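Topology and contacts: notes
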Amino acid sequence: MVSKPLHGRDVISIRDLSKYEVISIFEEANGLERYARSKTDLLRGKMMAFMFFEPSTRTKLSFEAAMKRLGGDVIGFEEPSTTSMAKGESLIDTARVIENYADIIVVRHPYEGAAKAIAEAVHVPVINAGSGALSHPTQALIDMYSIWREKGRIDGLTVLFYGDLKYSRSVRSLINGLLNFKVNFVFVSPEPLKLKEEVKEELGLLGIEYAEHTMLTEEAVRAADVIYVTRIQRERFADPMEYEKVRGSYRLTSRHLQNAKENLIVLHPLPRVDEVDVELDKTPYAKYFKQVFYGLLVRMALLKMILT
Ligand code: NCD
């Protein structure tokens, strides 16, 4: 029997996936590249529904594009005020209605736990497309796939995280995803945006060494194979004054990369605000727009593997 590691499964946390499953997704994504600019009927007759409670451009559009390239159909909402939730319907009731129309539900929500609660209430698979400040498993898969494609491996690399490491769910999920591999972690952020103690404690318990800095040093850049930059997650600050204190406090420019490894790659989940100088876009280091393309392939792979 052919093994189908993801068939019928929910994707709620990156930690639910084994290294074998992650690599299977990467291989599937490679195989689907030939359909990324055309159309196939692999998912003909299948319907994806999205329920989005937070702003999104690429996550929503790439899931939609992925489903349509594979021949499936898409329904959903991104403005809950236009749904019956505005009349007081609960999140769970809404999901239980939507499962009657769709074969898979993709959820983005500001509360951690929303996707999981929906997955427990419905009978169709659920994909978490970002919940709260804690998890964004499909973004982590995209980030790891980008590294794997660009560098040919993940094991043995030095991955430098730069930016808002406190509130970024993509940082949090990528760290969790990389625990399946053997990487050197370097964390660089202004003091108020440092990685939370609980994450560092966990790395410590797992015996994983990491380095932490408040400034991007030349030495840290020179050792890096990947620099993963994130914007300040303004919407997650409880106090707007706290945001004002850190606004514009870091920015990656080509000057920082003068002594970088020749094949360093710079990734960013996007959207970018001002934390990566647009000048850098022209350099061979910049892979963040290619990462968007890889995102389409990964989401095609996930939908195909879960639905067939
Ligand atoms: C990320 C998110 O929503 O967490 N965006 C995305 O899905 N590409 C990162 C971010 O918003 O900064």
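This one's a predicted model, so the numbers in the text were calculated from it and none came from an experiment. (Residues numbered from 1 in each chain as written. Predicted model: local features only at pLDDT ≥ 70, side-chain atom pairs only at ≥ 80, totals over all residues. Heavy atoms only, no water.)

From N to C terminus, the protein includes 10 helices and nine strands. Projected onto its principal axes, the C-alpha positions of the protein cover 55 × 45 × 40 Å. Relative to its full complement of 308 residues, the protein shows a buried share of 54%. In the protein, which carries 42 positive and 42 negative side-chain charges, the distance between the mean positions of the two groups comes to 4 Å. (Helix = DSSP H or I, 4+ residues; strand = E, 2+ residues; numbered from the N terminus. Buried < 20%, exposed > 50% of the residue type's maximum accessible area, 1.4 Å probe, protein only. Lys, Arg positive; Asp, Glu negative; His and termini not counted. Charge placed at Lys NZ, Arg CZ, Asp CG, Glu CD.)

Bringing helix α1 (residues 19-32) into the picture now. Taking 1.5 Å of rise per residue, the 14 residues of α1 would be expected to cover 20 Å, and the 20 Å separating its terminal C-alpha atoms lies within 8% of that figure. The inward-facing, buried residues of α1 abut α5 (137-151) and α10 (288-307). (Expected span 1.5 Å × (residues − 1). Contact = heavy atoms within 4.5 Å.)

This part takes up the side chain of Thr 94. Looking at the secondary structure, you find Thr 94 in helix α3 (residues 91-98). Those residues in contact with Thr 94, other than ones at most four positions away along the chain, are Met 51, Phe 77, Met 85 and Glu 89.

This brings us to the layout of surface pockets. Its boundaries defined by the atoms lining it, the largest pocket holds a volume of some 380 Å³. Around the largest pocket, the lining comprises 21 residues; the ones closest to its centre are Arg 108, Arg 169, Arg 231, Leu 270 and Pro 271. Within the residue set of the lining of the largest pocket, elements represented by two or more residues are α2 (58-69) and α6 (169-178). Of the residues contributing to the lining of the largest pocket, the split by class is four nonpolar, 10 polar and seven charged. Residues lining the lining of the largest pocket come from more than one domain, with at least three contributed by each of domain 1 (14-132 + 295-307) and domain 2 (137-292). Here the second largest pocket is characterised by a volume of approximately 230 Å³. Together, 15 residues line the second largest pocket, and Lys 182, Val 183, Asn 184, Ile 208 and Glu 209 are the ones closest to its centre. Those elements that place two or more of their residues in the lining of the second largest pocket are β6 (184-188) and β7 (210-213). Here the lining of the second largest pocket gets three residues from one element, more than from any other, and that element is β6. (1 Å grid on protein atoms, 1.4 Å probe; cavity = no way out; pocket = protein on both sides within 12 Å on 5 of 7 lines; lining within 4 Å. Points joined across faces, edges and corners; volume = space filled by probe spheres on them. Nonpolar A, V, L, I, M, F, W, Y, C, P; charged D, E, K, R; others polar. Domains from an automatic or database assignment.)

Take the packing of aromatic side chains next. Applying the stated criterion across every chain, the model contains 16 aromatic pairs. Consider the rings of Phe 26 and Tyr 145, whose centres lie 5.5 Å apart with planes at 50°: the pair is tilted. Residue Phe 26 is found in helix α1, and its partner Tyr 145 is found in helix α5; the two are separated by 119 residues along the sequence. Summarising the burial analysis for this pair, Phe 26 and Tyr 145 share the class buried. Grouping aromatic residues by their ring pairs yields a cluster made of Phe 26, Tyr 145, Trp 148, Phe 293 and Tyr 294. (Phe/Tyr/Trp six-rings, centres within 6.5 Å; stacked < 30°, edge-to-face > 60°.)

In this structure the tally under the stated criterion is 25 salt bridges. Note that Lys 19 is salt-bridged to Asp 155, the shortest N-O span being 3.2 Å. Of the two residues, Lys 19 sits in helix α1 while Asp 155 sits in the loop between α5 and β5 (158-162), which places them 136 residues apart along the sequence. Accessibility expressed as a relative area gives 33% for Asp 155, which makes it partly exposed. For Glu 28, the salt bridge is made with Lys 304, and the minimal N-O distance between the two is 2.7 Å. In this pair, Glu 28 sits in helix α1 while Lys 304 sits in helix α10, placing the two residues 276 residues apart along the sequence. Residue Glu 28 is classed as partly exposed on the basis of its relative accessible area of 21%. Taken together, the shared-partner salt bridges connect Lys 60, Glu 64, Lys 68 and Glu 78 into one network. (Salt bridge = Lys/Arg side-chain N within 4 Å of Asp/Glu carboxyl O.)

The local shell around the ligand consists of Arg 58, Thr 59, Arg 108, His 136, Gln 139, Arg 169, Arg 231, Gln 233, Pro 269, Leu 270 and Pro 271. Contact between the ligand and Thr 59: an oxygen atom at 2.9 Å from a side-chain N or O atom of the residue. The side chain of Arg 169 places a nitrogen or oxygen atom 2.8 Å from an oxygen atom of the ligand. About the coverage of the ligand: the protein hides 94% of its 320 Å² of free accessible area. Using a 2 Å cut-off from the grid points, one finds that the ligand occupies the largest pocket. Its residues placed into classes, the shell around the ligand shows three nonpolar, four polar and four charged. (Near = heavy atom within 4 Å. Polar contact = N/O pair within 3.5 Å; in protein donor to acceptor, adjacent residues only side chain to side chain. Areas by Shrake-Rupley, 256 points an atom, 1.4 Å probe, with all protein chains shown as cover. Sits in = over half its atoms within 2 Å of the grid points.)

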